[in-house]
Amino acid sequence: LSPVPGNGAPVAAFVGGLMGVVGVVLLIACANVTGVLLARATARRREIAVRLALGAGRAQLVRQMFVETAILFVAGAAAGLLFARVMTTLLVSLLPELPVQIGVSLALDVRAVLFTLGLSLVAAVLSGLVPAFHASKGDMVSSLKTDAQGSPERMRLRNAFVVAQVALSIVLVVGAGLFVRALRRAGTIDTGFSAQGVEVATLDLSLGGYTDQTGPAFARELIRRVRTTPGVGSASLSAVLPLGMSGMGMGGLSIPGMTGEPLDADWNVVEPGYFATLRMPLLRGRDFTDADDARTPSVAIVNQTLAARLWPNRDAVGQTLIQQTGKPGTPDSTRTLTVIGVARDAKYRSLGDRARNFIYAPLQQQYGPRTNIVARSTHGQRLSADLRALVRSMNPNLPIVRSQTLEEFTAIGLVPQRIAASVAGSL
């Protein structure tokens, strides 16, 4: 079973990339240690020659030197485990607050210890066998001379390991530079909205006892009071927050006369003022208003991508959409929506989003209990205390599930780049 819910392929690819970086570091370390062991074997050539002269077999010398190398790598593994505990604690502390509560456990359990010991054994074999074999096949007579130098073959081998170490180090430095560059570029991507100065407070109105009949009226009164709170420039409610690594589906979409399967699209349910609060431009049409409620015809706002896909040569404003709300053929299986506006494309789920169908609906017409207060402050100040006090005054039994800035919320989109740049750079 995968510890990552949903599609774990991107996570597996990311972890595999980090393992590749760590593997390069391990190869550098092995090349370094092998070179040192070759130099040490040269310094011990008289000792080795004496042992051979006294009758020691080549296999015995190889075993002795391999045991010495294994002890060296076991000590390195123990030091690595201690260092890993410090590094994992530091890594978790650098992670931003996630949209959902996730317990990130990087415990050094039995599996981690066994893997480390096994990998250390393999590294010891790879790094120790070459010096051991070269040391055991030297010429006894020349090695017993005090002025004897290392053989040209051994010198060439040492030089080869030095060259390999330098080459791999350059690869690692270049890789770290590319990760840092990717992090900088990701931070300059145009998301299609402005997160600076926006406070987010997550609510579940069902926890306060509100139903489908009473929830819309409370939501409308709540956002009205938020807008009149000192320090709030604009505010709205939104079921989905951008760059939250997830989306919401509320049925496929089609247009009159369309054949084939309905189009899939991501949805968001918002209150009037959402686009102004996030500074997300409306290219055509109008925003939702207080008049767009359950007593009036259902309306929607689509993004550029969906408008171009459904009406490539026409203006989307005023067009009719059919929302699939149930199984075809059943009563009330569809809902007719009138498009009143076209919003600019934005990054919805992640910074890597490409063209994605997206549609917005007013909360008063398509109510859902889970929503988020999005409030833009007048001077960039925090509003969390004011929002908590306001919600508490309206309903003491309604908790704020999570409170943070939108910048903190959207920071999750840069977590992979930050981890990769930090790990590669520090290594």
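Preceding this section is the structure that the text describes.
Here we look at the side chain of Thr229
Thinking step 1. With respect to the helices and strands, the residue Thr229 is situated in the loop between helix 7 (215–227) and strand 2 (232–238).
Thinking step 2. Judged by relative accessible area, which is 14%, Thr229 ranks as buried.
Thinking step 3. What Thr229 contacts, discounting residues up to four positions off in sequence, is Asp386 and Leu390.

Here we look at the layout of surface pockets
Thinking step 1. Approximately 340 Å³ is the volume attributed to the second largest pocket.
Thinking step 2. Every residue lining the second largest pocket is counted, 15 residues in all, and those nearest its centre are Gly187, Thr191, Ala195, Leu243 and Thr410.
Thinking step 3. Those elements that place two or more of their residues in the lining of the second largest pocket are helix 6 (152–187) and helix 11 (406–410).
Thinking step 4. Considered class by class, the residues forming the lining of the second largest pocket number eight nonpolar, five polar and two charged.

Describing the packing of helix 7 against helix 10 (residues 384–394)
Thinking step 1. At their nearest, the axes of helix 7 and helix 10 sit 11 Å apart, and the two run at 140° to each other. In terms of orientation, helix 7 and helix 10 fall into the oblique class. Note that helix 7 runs across helix 10; the crossing there is right-handed. From helix 7, Phe218, Glu221, Leu222, Arg225 and Val226 reach across to helix 10, where they touch Leu387, Leu390, Val391 and Met394.
Thinking step 2. Tallied by class, residues from the contact of helix 7 with helix 10 come to seven nonpolar, no polar and two charged.

Looking at the pairing of strand 6 (residues 299–303)
Thinking step 1. The buried fraction of strand 6 amounts to five of the five residues, a majority that puts the element mostly inside the structure.
Thinking step 2. Neither face of strand 6 is open: one carries Val299, Ile301 and Asn303, the other Ala300 and Val302, and all of them are buried.
Thinking step 3. With two bridges connecting them, strand 6 and strand 9 (residues 358–362) associate as antiparallel partners. Among the inter-strand pairings, Ile301 is bridged to a residue of strand 9, identified as Tyr360.

A few points about the pairing of strand 7 (residues 320–324)
Thinking step 1. Judged by which residues are buried, strand 7 turns out to be one-sided: Leu321 and Gln323 face inward and are buried, whereas Thr320, Ile322 and Gln324, on the alternate face, are not.
Thinking step 2. Bridge analysis of strand 3 (residues 253–254) against strand 7 gives two bridges, and the strand direction is antiparallel. Within the sheet, the bridge partner assigned to Ser254 lies in strand 7 and is Ile322.
Thinking step 3. Here strand 7 runs beside strand 8 (residues 334–343); their pairing, made up of five bridges, is antiparallel. Note on strand 8: the bridge partner recorded for Thr320 is Thr338.

Rules and cut-offs
Residues numbered from 1 in each chain as written. Predicted model: local features only at pLDDT ≥ 70, side-chain atom pairs only at ≥ 80, totals over all residues. Heavy atoms only, no water. Helix = DSSP H or I, 4+ residues; strand = E, 2+ residues; numbered from the N terminus. Buried < 20%, exposed > 50% of the residue type's maximum accessible area, 1.4 Å probe, protein only. Contact = heavy atoms within 4.5 Å. 1 Å grid on protein atoms, 1.4 Å probe; cavity = no way out; pocket = protein on both sides within 12 Å on 5 of 7 lines; lining within 4 Å. Points joined across faces, edges and corners; volume = space filled by probe spheres on them. Nonpolar A, V, L, I, M, F, W, Y, C, P; charged D, E, K, R; others polar. Axes fitted to C-alpha atoms, helices over the stretch in contact; angles between N-to-C directions. Parallel < 35°, antiparallel > 145°, perpendicular 65-115°, else oblique. Left-handed = near helix turned anticlockwise from the far one by under 90°. Pairing = 2+ DSSP bridges.

These figures capture arrangement, not role.
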